[in-house]
Amino acid sequence: MAASDADEEPAWRDLLTSEYGPKVFPDDIGGSAWLSSSECLRALLQRQHNGEFKLRLVLREEVDFRRGPSRDPNWKGDYYWGPDLALCCAEVWVERKDGPRKRVDTMVTRPKVW
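Residues numbered from 1 in each chain as written. Predicted model: local features only at pLDDT ≥ 70, side-chain atom pairs only at ≥ 80, totals over all residues. Heavy atoms only, no water.

### Here's the deal with the sheet that holds strand E4 (residues 101–103)
The sheet built from four strands is open, its strands ordered E1-E2-E3-E4 with mixed pairing. The open sheet has two edge strands, strand E1 (12–16) and E4, and neither has a second partner. Direction aside, the axes of adjacent strands within the sheet are offset by 30° on average. Strand direction decides the pairing type here: E1 and strand E2 (residues 54–60), joined by five bridges, are parallel. (Pairing = 2+ DSSP bridges. Helix = DSSP H or I, 4+ residues; strand = E, 2+ residues; numbered from the N terminus. Axes fitted to C-alpha atoms, helices over the stretch in contact; angles between N-to-C directions.)

Shown next as structure tokens:
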């Protein structure tokens, strides 16, 4: 017996910070870019909740990595993702400069080097 369309899992959709981040929205009034970014994320997360797709947030070392002497490109906490709503995606991944990706949403402590 074939599975019905209702039984199929929704497709994955990669989400990059360049799609919703505060830098995408003009900030002519203090905080308006942050609010616009949050609204964009809410709309995407609602679509995920409705079963349209599953969101996979991809934090890119080349774009989203915070700078500083003690930063670790393997640690999700050292990336700028914008409003914390972004972490409500089904999965969070880090994409390194040289291409490999690793799922990091389950990490609770700093990982060992890849």
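### Some details on the pattern of salt bridges
Within this structure, the stated rule accounts for 13 salt bridges. One salt bridge connects Arg47 with Glu52, and the closest N-O pair in it is separated by 2.5 Å. Accessibility expressed as a relative area gives 34% for Arg47, which makes it partly exposed. Take Glu52: its relative accessible area is 46%, and that puts it in the partly exposed class. A salt bridge links Asp105 to Arg103; the nearest nitrogen and oxygen atoms lie 2.7 Å apart. Judged by relative accessible area, which is 24%, Asp105 ranks as partly exposed. Overall, the relative accessible area of 36% leaves Arg103 in the partly exposed class. (Salt bridge = Lys/Arg side-chain N within 4 Å of Asp/Glu carboxyl O. Buried < 20%, exposed > 50% of the residue type's maximum accessible area, 1.4 Å probe, protein only.)

### A word on the environment of Ser32
Assignment of secondary structure puts Ser32 in helix H2 (residues 32–49). The class of Ser32 is buried, set by a relative accessible area of 18%. Residues contacting Ser32, with those up to four places away along its chain left out, are Pro26 and Asp27. (Contact = heavy atoms within 4.5 Å.)

### Here's the deal with the packing of aromatic side chains
A full pass over the atoms with the stated rule returns one aromatic pair. Relative to Tyr79, the ring of Phe65 has its centre 5.3 Å away and its plane inclined at 55°; by these criteria the two rings are tilted. Residue Phe65 is found in the loop between helix H3 (61–64) and strand E3 (91–95), and its partner Tyr79 is found in the loop between H3 and E3; the two are separated by 14 residues along the sequence. (Phe/Tyr/Trp six-rings, centres within 6.5 Å; stacked < 30°, edge-to-face > 60°.)

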